[in-house]
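Each chain, written out:
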Amino acid sequence: MKSLFPATDKVGSFHIFDIGSNKLRLIAVVQYQAKRVYIRYILDHKEYDKGKWKKG
């Protein structure tokens, strides 16, 4: 994933994408075999830093 999207990190089962000139974080679950991406959250840095998204 990192080779296609350099601004991506993997945290647990989530892929974290920096979007909007790094103003927002898109948090998604990628299922490679099913070729599907499920967007779980789109957060600004303030909400992202709270870490509540990690529980879901």
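Just above, that's the structure.
Parameters at a glance
Residues numbered from 1 in each chain as written. Predicted model: local features only at pLDDT ≥ 70, side-chain atom pairs only at ≥ 80, totals over all residues. Heavy atoms only, no water. Salt bridge = Lys/Arg side-chain N within 4 Å of Asp/Glu carboxyl O. Buried < 20%, exposed > 50% of the residue type's maximum accessible area, 1.4 Å probe, protein only. Phe/Tyr/Trp six-rings, centres within 6.5 Å; stacked < 30°, edge-to-face > 60°. Helix = DSSP H or I, 4+ residues; strand = E, 2+ residues; numbered from the N terminus.

Undergrad: Is there a simple way to explain the pattern of salt bridges in this structure?
TA: Note on pairing: side chains with opposite charge can pair once their charged atoms come close. This structure, assessed with the given rule, holds two salt bridges. Arg25 is the salt-bridge partner of Asp18, the closest N and O atoms lying 2.7 Å from each other. Using a relative accessible area of 26% as the deciding quantity, one classes Asp18 as partly exposed. For Arg25, a relative accessible area of 14% corresponds to the buried category.

Undergrad: What exactly am I supposed to notice about the packing of aromatic side chains here?
TA: One pass over the full model with this rule turns up two aromatic pairs. Ring geometry for Phe14 against Trp53: centres 5.8 Å apart, planes inclined by 70 degrees, an arrangement best described as edge-to-face. Here Trp53 lies in the segment after helix H1 (45–50) and Phe14 lies in strand S2 (residues 14–19), a separation of 39 residues in the sequence. The burial state of Phe14 is the same as that of Trp53; both residues are buried. Both rings, one in Tyr48 and one in Trp53, keep their centres 5.1 Å apart while their planes meet at 15 degrees; by these two values the pair is stacked.

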